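# Observations on the model geometry
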Amino acid sequence: MTIENNHAVTVIYKLQTIEPNGEKVFVEETNSENPLTYLHGVGMMIPKFEAELAGLAAGDKKEFAIAAEEAYGEVDPNAIAQLPLDMFEEAGVPPVGAILPLSDNAGNQFRAIVVEVTEEAVVADLNHPMAGKTLNFEVEVVATRPATQDELDHGHAHGVDGTSGH
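To keep things clear, this report deals only with the structure shown in the data block. (Residues numbered from 1 in each chain as written. Predicted model: local features only at pLDDT ≥ 70, side-chain atom pairs only at ≥ 80, totals over all residues. Heavy atoms only, no water.)

The next point concerns the side chain of Thr144. As for its placement among the helices and strands, Thr144 is situated in strand E9 (residues 134–146). The residues contacting Thr144, other than those within four sequence positions of it, are Met1, Thr2, Ile3, His7, Ala8 and Val9. (Helix = DSSP H or I, 4+ residues; strand = E, 2+ residues; numbered from the N terminus. Contact = heavy atoms within 4.5 Å.)

Relative to the helices and strands, His40 is located in the loop between strand E3 (36–39) and helix H1 (47–53). When residues no more than four places from it in sequence are discounted, the contact partners of His40 are Ile3, Glu4, Asn5, Asn6, His7, Val9, Glu50 and Ala54.

Secondary-structure assignment places Thr17 in strand E1 (residues 7–18). Beyond its immediate stretch of four places on either side in the chain, Thr17 contacts Glu23, Lys24, Val25, Val27, Met130, Lys133, Thr134 and Leu135. A polar atom in the side chain of Thr17 sits 3.3 Å from the side chain of Glu19. (Polar contact = N/O pair within 3.5 Å; in protein donor to acceptor, adjacent residues only side chain to side chain.)

Most of E1 sits inside the fold, with 10 of its 12 residues counted as buried. As judged from the four bridges shared by E1 and E3, these two strands associate in the antiparallel manner. Its bridge partner lying in E3, Ala8 is registered against Leu39. The pairing of E1 with strand E2 (residues 24–29) spans five bridges and is antiparallel. Following the sheet pairing, Thr17 is matched in E2 by Val25. Between the end of E1 and the start of E2, which pair antiparallel, lie five residues, with Gly22 showing a positive phi angle near 95°. (Buried < 20%, exposed > 50% of the residue type's maximum accessible area, 1.4 Å probe, protein only. Pairing = 2+ DSSP bridges.)

What the four strands build is an open sheet, ordered E5-E8-E7-E6; its pairing is antiparallel. If you trace the sheet from one side to the other, it starts and ends with strand E5 (80–84) and strand E6 (99–103), each paired once. Neighbouring strand axes in the sheet, compared pairwise and without regard to direction, differ in orientation by 45° on average. Pairing geometry for strand E7 (residues 109–117) and strand E8 (residues 121–125), over four bridges, is antiparallel. Within E8, the residue paired with Val114 across the bridge is Ala124. (Axes fitted to C-alpha atoms, helices over the stretch in contact; angles between N-to-C directions.)

Our focus in this paragraph is the pattern of salt bridges. Tallying each qualifying case throughout the model produces four salt bridges. A salt bridge links Glu63 to Lys24, with the shortest nitrogen-to-oxygen separation between them at 3.0 Å. You can see Glu63 sitting in strand E4 (residues 61–66) and its partner Lys24 sitting in strand E2, a full 39 residues away along the chain. Glu52 is the salt-bridge partner of Lys62, the closest N and O atoms lying 2.8 Å from each other. With Lys62 in strand E4 and Glu52 in helix H1, this pair connects stretches of sequence that are 10 residues apart. One continuous salt-bridge network, built from bridges that share partners, spans Lys48, Glu52 and Lys62. (Salt bridge = Lys/Arg side-chain N within 4 Å of Asp/Glu carboxyl O.)

Printed below as a string of structure tokens:
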């Protein structure tokens, strides 16, 4: 069975970024004990990632790169926020490099990285940590199967066999 939209797909992958000099920098990887299972074609994954896996079957392996503009976008120099120090009265002022969990007025969750702390504000970079980076994936397809109605209703896969989760 090959990967199609509305399939629950289980993969093992290794993700690296490709630096401008061509060097690969390790980011993360999964293994057979902790694979990634996702619903294919419902917008959970980077579209180019799904396009690269479409039509593959269990046991297939593939290595591919995704350019920044097709992954998490280029770095937006305007995506910098000056957060007032009084926001941090309870938790304390975070150090440079700290990751801040934030939410916007619509309740969307995102993370920002502290890039500077001044006497007036905490300066946070709102760009995705992978913005501006070319992603290199080494992927092995472990399994693919039609998603259950329950998975389609919930909008996410319930594990390799479709029973874990809810």
